[in-house]
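Residues per chain are reported as follows:
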Amino acid sequence: MIELVNNWISWTPSLLGGLSISLYLTGLSLLFGLPAGLVLALLDSVKTKFVRYPTVFIVEVGRGAPALVVLQMVYYGLPESGLNFTAFFSAVVALSLTTAAYTSEIIRAGLNAVPLREIEASQALGMTNIDTLRFIVIPQGLLFAIPALMGFAILIFQATALTFTIAIPELLSRAYRVGAATYLYFDVLLLAGLLYLMITVPFSGLVSFAERRMGSHLG
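Residues numbered from 1 in each chain as written. Predicted model: local features only at pLDDT ≥ 70, side-chain atom pairs only at ≥ 80, totals over all residues. Heavy atoms only, no water.

**Details of the pattern of salt bridges**
Summed over all chains, the structure comprises six salt bridges. Between E105 and R108 there is a salt bridge, with its nearest N and O atoms 2.9 Å apart. Placement of the pair is E105 and R108 together in helix 4 (residues 87-112), with a separation of three residues, close to one helical turn. Residue D131 is joined to R134 by a salt bridge in which the shortest nitrogen-to-oxygen separation is 3.8 Å. Of this pair, D131 and R134 both sit in helix 6 (residues 129-159), three residues apart, which is roughly one turn of the helix. Here D131 falls in the partly exposed class, since its relative accessible area comes to 25%. What emerges from the salt-bridge pattern is a single network uniting D44, R52, E60, R63, E105 and R108. (Salt bridge = Lys/Arg side-chain N within 4 Å of Asp/Glu carboxyl O. Helix = DSSP H or I, 4+ residues; strand = E, 2+ residues; numbered from the N terminus. Buried < 20%, exposed > 50% of the residue type's maximum accessible area, 1.4 Å probe, protein only.)

**Focus: the packing of helix 1 (residues 2-44) against helix 4**
The contact between helix 1 and helix 4 brings their axes to 5 Å, and the two run at 45°. Here helix 1 lies oblique to helix 4, going by the angle between them. Crossing angle aside, the handedness with which helix 1 passes helix 4 is right-handed. Among the residues forming the contact of helix 1 with helix 4, the class breakdown is 19 nonpolar, seven polar and three charged. (Axes fitted to C-alpha atoms, helices over the stretch in contact; angles between N-to-C directions. Parallel < 35°, antiparallel > 145°, perpendicular 65-115°, else oblique. Left-handed = near helix turned anticlockwise from the far one by under 90°. Nonpolar A, V, L, I, M, F, W, Y, C, P; charged D, E, K, R; others polar.)

**Details of the side chain of T99**
Locating T99 in the fold gives a position in helix 4. In this structure T99 comes out as buried when scored by relative accessible area, which is 0%. At a separation of 2.7 Å, a polar atom in the side chain of T99 contacts the main-chain carbonyl oxygen of L95. (Polar contact = N/O pair within 3.5 Å; in protein donor to acceptor, adjacent residues only side chain to side chain.)

**Brief notes about the environment of G205**
Topologically, G205 is positioned in helix 8 (residues 185-218). The spatial distance from the C-alpha of G205 to the C-alpha of I2 is 32 Å, given a sequence separation of 203 residues.

**Section: the nonpolar core**
If you look at the biggest cluster of nonpolar residues, it comprises 20 residues, and the most contacted ones within it are I106, I107, L111, V114, V137, L149 and I156. Where this core is concerned, the elements lending two or more residues are helix 1, helix 4 and helix 6. Tallying contributions element by element places helix 6 first for this core, with 10 residues. Sequence-distant contacts of I107, defined by excluding residues within four places in its chain, comprise L34, G37, L38, A41, L142, A145 and L149. (Core = buried A, V, L, I, M, F, W, Y, C linked by side-chain atoms within 4.5 Å. Contact = heavy atoms within 4.5 Å.)

**Some words on the packing of helix 5 (residues 116-124) against helix 6**
One way to put it is that helix 5 packs onto helix 6 with a least axis distance of 10 Å and a crossing angle of 150°. As summarised for this structure, helix 5 and helix 6 are arranged roughly antiparallel, according to the angle between their axes. Read as a crossing pair, helix 5 and helix 6 show a hand that is right-handed. Residue-level contacts link E118, I119, S122 and Q123 of helix 5 to N129, T132, I136, V137 and Q140 of helix 6. Residues that form the contact of helix 5 with helix 6 fall into these classes: three nonpolar, five polar and one charged.

Keep in mind that these numbers describe shape and distance, not what the molecule does.
Right under this line is the structure:
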């Protein structure tokens, strides 16, 4: 037990460095993916079939393709077309695409949850459709979607572990490096799992709190 604790102490700085990269990847993926998801949600609500059908196709393909497949396609596939991305940039692009596809449905559900009477009231006040969308539908729709979006943020944080396949030195990748050097895979992966839990468990509590607050607000 003492040896395990000593090993953990010596490995922690390296794993914490990997954890910071995982969090950085998560933040950038959400930063670019959420606005793209909002755009897809809005396009999916357009009645014109020439706009809506391609949007639905993009969303369904994005949701159906595993994140690992998207990551490999971006990293290995795009260079064949002449686009050479770094591993980190490829990871951000792939995770942002996955985020956009999944969150578009979450955001669309939030937009549809806006009470119709509020939209009708804005129209009665003479607001244009654009103003109704900007000041009524989008703000409230995003508010309704917050708990689900927070839950998805946990999933995308966990998905950053997939980037070890393209040699990004995130948490899991560094854990494997330590394991390869020491052959103590179980010990180091146990520590990596605890570091993941250190982020996901408190954030899951925030999600539950947001859901309760939103439930009381809607009530």
